[in-house]
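# Summary of structural features
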Amino acid sequence: MAKVKGELSNDFCPQALYLYGAYEADGTPHFGLFTWFGWCWLGEGEGCLGVMACIGEEKTTKDLIRKNGVFSANLVSEALLPLADYYGHTSGREHPDKMKRLPTVEQGQSLPVPTIAESPVSVELKVLREETLSQTQPNSEAPPECSSLFLCQVVNVALEESLTSKNVPFLERLHQAAPIITSGEQRYVTLDGRDLGGWGELQKTL
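All values derive from a computational prediction rather than experimental measurement.

## Observations concerning helix α1 (residues 60-68)
Among the residues of α1, T60, T61, K62, L64 and I65 are the ones counted as buried. The positive-phi residue at the C-terminal boundary of α1 is G69, with phi of around 75 degrees.

## Focus on the packing of aromatic side chains
Counting across every chain of the model gives 7 aromatic pairs. Seen in terms of ring centroids, Y18 and F37 are 3.9 Å apart; in terms of plane orientation they differ by 25 degrees. Their pairing is stacked. Residue Y18 is located in strand β2 (residues 18-23), and its partner F37 is located in strand β4 (residues 37-41); the two are separated by 19 residues in the primary sequence. Residue class for Y18 comes out buried when judged on its relative accessible area of 9%. The class for F37 is buried, based on a relative accessible area of 10%. When the centroid spacing of 4.6 Å and the interplanar angle of 20 degrees are considered together, the rings of Y20 and F34 count as stacked.

## What about the nonpolar core?
What tends to happen in soluble globular proteins is that the nonpolar side chains get buried as a cluster. Grouped together as the largest cluster of nonpolar side chains are 22 residues, with contacts concentrated most on Y20, F71 and L125. At the level of secondary structure, the elements contributing two or more residues to this core comprise β2, β5 (49-55), α1, β6 (70-75), β9 (121-135) and β10 (146-159). If you tally residues by element for this core, the top one is β9, at 4 residues. Residues in contact with F71, not counting those within four places in the same chain, are Y20, G21, A22, A53, I65, V113, V123, E124, L125, V127 and C152. Counting 16 residues, the second-largest nonpolar core is a separate cluster that includes L80, L83, M99 and L202.

Calculation criteria
Residues numbered from 1 in each chain as written. Predicted model: local features only at pLDDT ≥ 70, side-chain atom pairs only at ≥ 80, totals over all residues. Heavy atoms only, no water. Buried < 20%, exposed > 50% of the residue type's maximum accessible area, 1.4 Å probe, protein only. Helix = DSSP H or I, 4+ residues; strand = E, 2+ residues; numbered from the N terminus. Phe/Tyr/Trp six-rings, centres within 6.5 Å; stacked < 30°, edge-to-face > 60°. Core = buried A, V, L, I, M, F, W, Y, C linked by side-chain atoms within 4.5 Å. Contact = heavy atoms within 4.5 Å.

Taken by themselves, the reported measurements are silent on function.
See the structure below:
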């Protein structure tokens, strides 16, 4: 089939949704919704699995990751989606009471990070370094902003126990985890192709 020149986009390259978790200074768990997340290989030996987590504009989640140097990435399932949609459309800086709605929070198994019991997979991450990818032009009237890439080491992965059973085919376990992906036109989609709604719609069901 012939290809035509398209827009510069990742519309047909779906990405999974993750809720990043970090503790505020008073011990309050804080979560934000992100999709710019990719896996990488850090080198040989133990602790070589890494993550590239990109966060755009300045926000509370980024502040806490910088301050703490550790955070969790909790895979968003269909059951978690309404709460994740709320976190993704509610600014912690503009709404100090953002965390009035919380999932079941558990302490990380290896790092001092909040994880989500309802998430099928929780990854505990240690930041190795931060790279600035872009920033507001000096002559811009907008406040300074930058897009940051956090290169992280995967310290621990916590899975629902049922997902670890090798007696169940992997595809069956994957569908059991029910991760949500997002792609073009700001839609939430299941792995089997069901459309769950647009960004900002699901939080209305809370």
